[in-house]
Amino acid sequence: MMLRWCWICLLFSCSLQAIERSLHDYDIKHWDSADGLASNSVRALTQDQQGYIWAGTLYGLSRFDGYRFDTFTSQQYRQLASNAINQLMTDSQGLVWIGTKSGLSRLDPNTLSFERFNILSEVTAIAEVRPGEVWVAAEQLFRVQAGQVSRISPVRQPVRQLRSSGDYVWLTTTEHLIRYELESGQMQRYLLPRELQQNPIYDIALTDSQVHLATEVGFYHLNSDGEVVRCDQLLQEHMATYRIFRDSRGSDWISSYSRLHQRHQGQTWQQISATELGSSPWFYDIFEDKDNNIWLASFSDGIFRASPGHVRRVVGEGQTDPVVRSLAVTPEQRLLIATQSSLGYLSHQGHFQPLLDQPVLGSQSIHDIHFADDSWWLAMDSGLFRYEPGTEYISSLASELDGSTVRLVQPRHAGGLWVGGAAGLFFWQDQQLRPFAFNRELESRHVTTIQDQNWYQVIGTTRGLYQLQQQRLQRLGIGSPLYNSYIISLLVLPDETLLIGTFDDGLFVRFPNGEWRQFDNSNGLPYGPVVAMLLDEQQEQLWFSTLKGVFRLPLSSLSLLKQDPLQAEQILTPYQRQLGNTPGRCCNGAGHSKLVLWQDQLWFPTLQGVVAIDRFFQRSNDPDFRPLLQQIVGQRSYLLQAQQPRQVLPVNERSFTIHYTALDFFNATSLQFRYRLRGFDQSWQQAASRREAIYTNLPPGHYYFEVQVRQQNQSWAEAQSSQIELVVPRRFDETWMYQVLWFALLGLILSGVFWLVRRNNQQQQLALSRLVRQRTQELENSNNRLNELNAQLGQLVHKDTLTGLRNRRFLFEQLPKDIEHYQRNRQSLQQQGKCVALIHLDLDGFKSINDQYGQSAGDSLLQQISALLLRETRGSDYVVRYAGEEFLLVLRDIDISLLWDFANKLHALVGSTRYPLPDGQRIQLTCSVGYSVYPLQLIGGQLMNWELSLQLAEMALYRVKHEGKDGVATLVFDGRVDAFEFEESMHIEAQIEQLLSEGLAQFKIQAANHQGPISETDVP
């Protein structure tokens, strides 16, 4: 009987069917106290009629617009009963009821005014049983109606929870579950089990005509025999349960200790554990907003928003390596994925069937896959290989390519196959591999991608794009950034429009009429390099994948790109992650086999499995981002009501700030604002993501303040706007009567002094001329002196007073300029093998010199070392006293092959010199040297981060110190280190240690035989 009536007592299915929706498909976003939330302990959530989310926490009430939390406390608002909030509810009139540890309050969200009621005990539940009638569970059961509080007399015990259901109200006391009939006042009592009489009851849920209880000791329900019994088929026995919720889609949610359970309508139960959530949040409340997003209030970890996702992220069951490098669809329409260490099938149900594993593939990546009649061709890091399905080995196809990276294997329109990679471009025909006739004309033989159609052959390399036409090879993009770009991906459309994705220079479009257009972050291209492109002819959509997201563009909008910014629809952004999953970068790799269409879904490889997006995906409706005008803050604050048409300011209120916002709980930072005060501003003021407008000394008048908001991928023509009329009244001294009186008085004064002015005019002009000449000369002298002082001051600010060297301030101002100069001339400098070198030098045992010979001896020694370093550097270099006895040499545009010898020569010179001291003695001392270069050469590109180069030089110096001092060191990276993954690390020391342990980096060290300073008496 108990199993028949318990609404959650269903056994888990043996396997998840493909048609089932997954709990992991919900997009999740998290906020806590670091984002401005009053406390991480959140007990209740609600939403007001304007759309703001209100969170009741342990330390106050927070209002949230998706961008900022505004906190309300009992110290600011005395009518708020307590900062420890248990319950929130928005009634039918739009008022927010607040149940706290110390009583009941009510908030009008439009006026931000609080009202306190005469209930002084802890409030545990609130329910609106009828419009305008609110019941409150506390030490007794209370009714609030028309602002008056009364006790509901039949219930004399403390009430734990209550829930309204039509004509009935369900509530719990210490001993009973009670059904209260509103019309007659009759009550039916059901005795609670003994264990529930001694433990808290957190929630009452009414679903499928059943009554369920969430309690400290488990999950209970009222069966048909009138008994309150336990149901443990889903939850562990005696596991605390906090909230039971059914959303508008018919899905059921249960929050228990360290777990979140969910069941889509007609499906089996699923759960997210504390490990998958990344913490143990204990969801105390579950709330659904107007847009059907699910909000979760955590007892210890802030608030979460879960929304039905349109992206499916899959790490196959049985897939040991989550990093996917390539995808392909076999002729049998099966999805084939290549990870870093395996190759296998991924079923639609999410099962991974391996075909080849690491012992066969080694540590190679598969860049492209071609399906021949009886075998598969694999383009890999060390050559071109053949795999015959059903076997467990691969064999080399072309000995000429063994050991060389092969990037692509693509059909050739004239017959055979194109094979391209680090060794150039080849074509395979008649069982032979022949080199491309124009390989020598390619500035870089590293071919990355190719598009070959009957009228169009385009070849992408790491240095430029080429078109093969009529047996002639033509380089494209002459005179533009495309000329030397690293080409990642190509797509030729049926109308001959050519799309080119590059590594550093964005997206290029060549239209059929020969016109070019470049797109980057400045004109609408999101997330950086475009690594793969696909044309969905059925939906007339262009799909693009980047390293951090996916976007698409209607094919019909291509013609607009000739003059307008790129306004792409962002489908997957870097800010999204799925419930139970950590954020993952998408989509890695470049060129072929990085985007496939399978079973009406687009599949992308990522660092965490694959991502699938429905090709028919359409947003249900455009979100309402209409700006909300909140308040005007001047000498005092003026709260603005929703849809308020006009605000008259006090007479003296001329300088103020207008606060506005827009509600977006998905990616609030992507909203762009602009505003204008019509009648004052001549044009729109671009505010970016800033949500305030500041005006000072505003003249009197009638103005209209208008604010607009758009998303980053929208034009201002699609923006939504709000406005309000502002009236700034005139003061008496600004009226026409006041001005007439002043003009009359001024006329009398002027007529009285006019004759004096006229009589002395000539004498005054002569005196004034002499005075002007005198003052002009004095001013010129003062300006000259001031220029001299400014020049001296500039030298002092950037100079070390003891050594005369440049100081750290000069370094951090000048070094970015040097890096910018290098970037502007990067191609030329790299061809010459030049770089910017940072040499970090530290004197060994310098403290002992000060201790033994005194401070003056140490200062003299620092000055001599400074002179030596200046003497050994070029005029274009500079030496910085970095700290104490540490020096940093910045060598600009130096040949990278000379660095090691230069550092050792400098180290030997410092150690071999005898330095005289003020007392006549001569000493020798040693030094430790570490250096690094900018930029670092890594796979996937150059690491453009001078701060990191400075840190690597310091790490090399510390390694010399660790190895016994008196030596030279630098850090050398293996060619397999990926720049994209390397630059994402937030802890560079830990990353370097990991690379050292894996043999992907090593310190190159040259050590001497002695350490520390040596006096003249110690020298034989």
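Residues numbered from 1 in each chain as written. Predicted model: local features only at pLDDT ≥ 70, side-chain atom pairs only at ≥ 80, totals over all residues. Heavy atoms only, no water.

**Regarding the overall build of the chain**
Counting its regular elements, the chain contains 14 helices and 77 strands. Overall, the chain is about 115 × 105 × 75 Å in size when its C-alpha atoms are taken along their principal axes. Burial statistics for the chain: of 1020 residues in total, 52% are counted as buried. Sequence separation of 24 or more characterises 54% of the internal contacts of the chain that already satisfy a separation of 6 or more. When the accessible surface of the chain is summed, it comes to about 47,300 Å², and 48% of that surface belongs to carbon and sulfur atoms. Distance between charge centres in the chain, computed from 89 positive and 108 negative side chains, equals 8 Å. (Helix = DSSP H or I, 4+ residues; strand = E, 2+ residues; numbered from the N terminus. Buried < 20%, exposed > 50% of the residue type's maximum accessible area, 1.4 Å probe, protein only. Contact = heavy atoms within 4.5 Å. Areas by Shrake-Rupley, 256 points an atom, 1.4 Å probe, with all protein chains shown as cover. Lys, Arg positive; Asp, Glu negative; His and termini not counted. Charge placed at Lys NZ, Arg CZ, Asp CG, Glu CD.)

**Quick notes on the packing of helix H12 (residues 946-962) against helix H14 (residues 988-997)**
Closest axis-to-axis distance for the H12/H14 pair is 11 Å, and the angle between their directions is 60°. By the angle class used here, H12 and H14 are oblique. Remark: the crossing between H12 and H14 carries right-handed chirality. Judged by residue contacts, Leu948, Gln951, Leu952, Met955 and Arg959 of H12 engage Ile988, Glu989, Ile992, Glu993 and Leu996 from H14. Residue classes in the contact of H12 with H14 are distributed as six nonpolar, one polar and three charged. (Axes fitted to C-alpha atoms, helices over the stretch in contact; angles between N-to-C directions. Parallel < 35°, antiparallel > 145°, perpendicular 65-115°, else oblique. Left-handed = near helix turned anticlockwise from the far one by under 90°. Nonpolar A, V, L, I, M, F, W, Y, C, P; charged D, E, K, R; others polar.)

**Focus on the sheet that holds strand E26 (residues 283-288)**
Strand order in the open sheet made by the five strands is E26-E27-E28-E1-E54, with antiparallel pairing throughout. Each end of this open sheet is capped by a strand with a single partner; those strands are E26 and strand E54 (577-578). Relative to strand E28 (residues 303-308), strand E1 (residues 26-31) runs antiparallel, the two being bridged by six bridges. By the bridge assignment for E28, lysine 29 is matched with arginine 305. (Pairing = 2+ DSSP bridges.)

**Here's the deal with the side chain of arginine 305**
Its place among the elements puts arginine 305 in strand E28. Among buried Asp, Glu, Lys and Arg side chains, arginine 305 stands out as unpaired, with aspartate 27 the closest opposite charge at 5.6 Å. For arginine 305, the side chain forms a polar contact with the side chain of serine 307, separated by 3.4 Å. Every residue in contact with arginine 305, bar those within four places of it in the chain, is listed here: Asp27, Ile28, Lys29, Trp31, Asn293, Ile294, Trp295, Phe665 and Phe666. (Salt bridge = Lys/Arg side-chain N within 4 Å of Asp/Glu carboxyl O. Polar contact = N/O pair within 3.5 Å; in protein donor to acceptor, adjacent residues only side chain to side chain.)

**A few points about the pairing of strand E38 (residues 406-411)**
The sheet contact formed by E38 and strand E39 (residues 417-421) spans five bridges and is antiparallel. Considered in E39, the bridge of leucine 408 is made with glycine 420. Adjacent in sequence and paired antiparallel, E38 and E39 are bridged by five residues, among which glycine 415 carries a positive phi angle near 115°.

**Focus on the packing of aromatic side chains**
Think of a pair of aromatic rings as described by two things: how far the centres are apart, and how the planes are tilted against each other in angle. Scanning the entire structure with this criterion turns up 41 aromatic pairs. Both rings, one in tryptophan 295 and one in phenylalanine 665, keep their centres 5.1 Å apart while their planes meet at 90°; by these two values the pair is edge-to-face. Here the residue tryptophan 295 occupies a position in strand E27 (residues 294-298), and phenylalanine 665 occupies one in the loop between strand E61 (656-661) and strand E62 (671-678), the gap between them amounting to 370 residues. Accessibility assignment for this pair places tryptophan 295 and phenylalanine 665 in one class, buried. Joined through ring pairs, the aromatic side chains of Phe656, Tyr660, Phe673, Tyr675, Phe680, Tyr695 and Phe705 make up one cluster. Over the aromatic face of tyrosine 483 sits the side chain of arginine 475, whose NZ or CZ is 3.8 Å from the ring centroid. Geometry around tyrosine 67 places arginine 691 over its ring, the cationic atom sitting 4.0 Å from the centre. (Phe/Tyr/Trp six-rings, centres within 6.5 Å; stacked < 30°, edge-to-face > 60°. Lys NZ or Arg CZ within 6 Å of the ring centre and 35° of its normal.)

**Quick look at helix H5 (residues 736-759)**
Side chains that are three or four residues apart share a direction in an α-helix, a result of its 3.6 residues per turn. Between the first and last C-alpha of H5 there are 35 Å, a value that for 24 residues agrees with the 34 Å anticipated at 1.5 Å per step. If you look at H5, its biggest bend is around 40°, right at valine 753. (Expected span 1.5 Å × (residues − 1). Bend = angle between axes of the 7 residues up to and from the residue.)

**Concerning the confidence of the model for the chain**
On average, residues of the chain score 86 in pLDDT, and 91% of them reach the 70 mark or higher. Taken element by element, the predicted model of the chain shows its lowest mean pLDDT in helix H1 (residues 2-5) (36) and its highest in strand E7 (residues 96-100) (97). Segment residues 1-19 is flagged for pLDDT under 50; beyond a separation of four residues in sequence, or across chains, it makes 43 contacts in the model. (pLDDT = per-residue confidence, 0-100.)

**Examining empty space enclosed by the protein**
Counting across every chain of the model gives four cavities of 30 Å³ or more. Considered as a void within the structure, the largest cavity measures approximately 80 Å³ in volume. Lining the largest cavity are Gln50, Tyr52, Arg63, Pro109, Asn110, Leu628, Leu629, Gln630, Leu639 and Leu640. If one sorts the elements of the lining of the largest cavity by residue count, strand E58 (residues 628-633) sits on top with three residues. Residues belonging to the lining of the largest cavity are distributed by class as follows: six nonpolar, three polar and one charged. (1 Å grid on protein atoms, 1.4 Å probe; cavity = no way out; pocket = protein on both sides within 12 Å on 5 of 7 lines; lining within 4 Å. Points joined across faces, edges and corners; volume = space filled by probe spheres on them.)

**Some words on the pairing of strand E49 (residues 516-519)**
Alternating residues of E49 divide into Arg517 and Phe519, all buried, and Trp516 and Gln518, none buried. Direction of pairing for strand E48 (residues 507-510) relative to E49: antiparallel, over a ladder of four bridges. Paired with leucine 507 across the strands is phenylalanine 519, a residue of E49. From the end of E48 to the start of E49, which pair antiparallel, there are five residues, and glycine 514 there has a positive phi angle of about 90°.

**Some points on helix H7 (residues 808-824)**
With 17 residues, H7 extends 25 Å between its outermost C-alpha atoms, agreeing within 8% with the 24 Å of an ideal straight helix rising 1.5 Å per residue. The largest bend along H7 reaches roughly 25° and is located at glutamine 814, with the proline proline 816 sitting one to four residues downstream. Every buried residue of H7 is listed here: Phe810, Leu811, Gln814, Leu815, Asp818, Ile819 and Tyr822. At its buried positions, H7 is contacted by helix H8 (826-831), strand E67 (834-843), strand E68 (878-883), strand E69 (886-895), strand E72 (927-934) and H12.

**A short note on the sheet that holds strand E60 (residues 646-648)**
The strand order E60-E66-E65-E62-E63 describes an open sheet built from five strands, whose pairing is mixed. At either margin of the open sheet sits one strand with a lone partner, and together these are E60 and strand E63 (685-688). Strand-to-strand, the axes of this sheet are offset by a mean angle of 25°, without reference to chain direction. In this sheet, strand E65 (residues 701-711) lies alongside E62 in antiparallel orientation, the contact comprising eight bridges. Residue leucine 677 lies in a different strand from E65, and its bridge partner there is phenylalanine 705.

**Comments concerning the environment of glycine 460**
Mapped onto the elements of the fold, glycine 460 is located in strand E43 (residues 456-461). Residues glycine 460 and threonine 448, spaced twelve residues apart in sequence, show a C-alpha to C-alpha distance of 5.6 Å. Excluding its chain neighbours within four sequence positions, the residues that come into contact with glycine 460 are His446, Val447, Thr448, Thr449, Leu465, Ile487 and Leu490.

**Some details on unusual backbone geometry**
Of the consecutive residues tyrosine 934 and proline 935, the connecting peptide bond is found in the cis state with omega at 0°. Not every positive phi belongs to a glycine, and glutamine 471 is a case in point at roughly 60°. Position of glutamine 471 relative to the elements: it lies in the loop between strand E44 (464-469) and strand E45 (472-476). Of note, glutamate 540 is a non-glycine position whose phi angle comes to about 55°, a positive value.

**Here's the deal with the environment of alanine 437**
With respect to the helices and strands, the residue alanine 437 is situated in the loop between strand E41 (432-435) and strand E42 (447-453). For the pair alanine 437 and leucine 473, spaced 36 residues apart in the sequence, the C-alpha separation amounts to 9.8 Å.

**Points about the environment of glutamate 195**
On the secondary structure map, glutamate 195 appears in helix H2 (residues 194-197). Look at glutamate 195 and you get partly exposed, because its relative accessible area is 31%. Beyond its immediate sequence surroundings of up to four residues, glutamate 195 is in contact with Val217, Tyr220 and Arg230.

**Digging into the side chain of serine 557**
Relative to the helices and strands, serine 557 resides in the loop between strand E52 (550-554) and strand E53 (569-572). What makes serine 557 buried here is its relative accessible area of 13%. Among the polar contacts listed, one links the side chain of serine 557 to the backbone oxygen of proline 554, at a separation of 2.7 Å.

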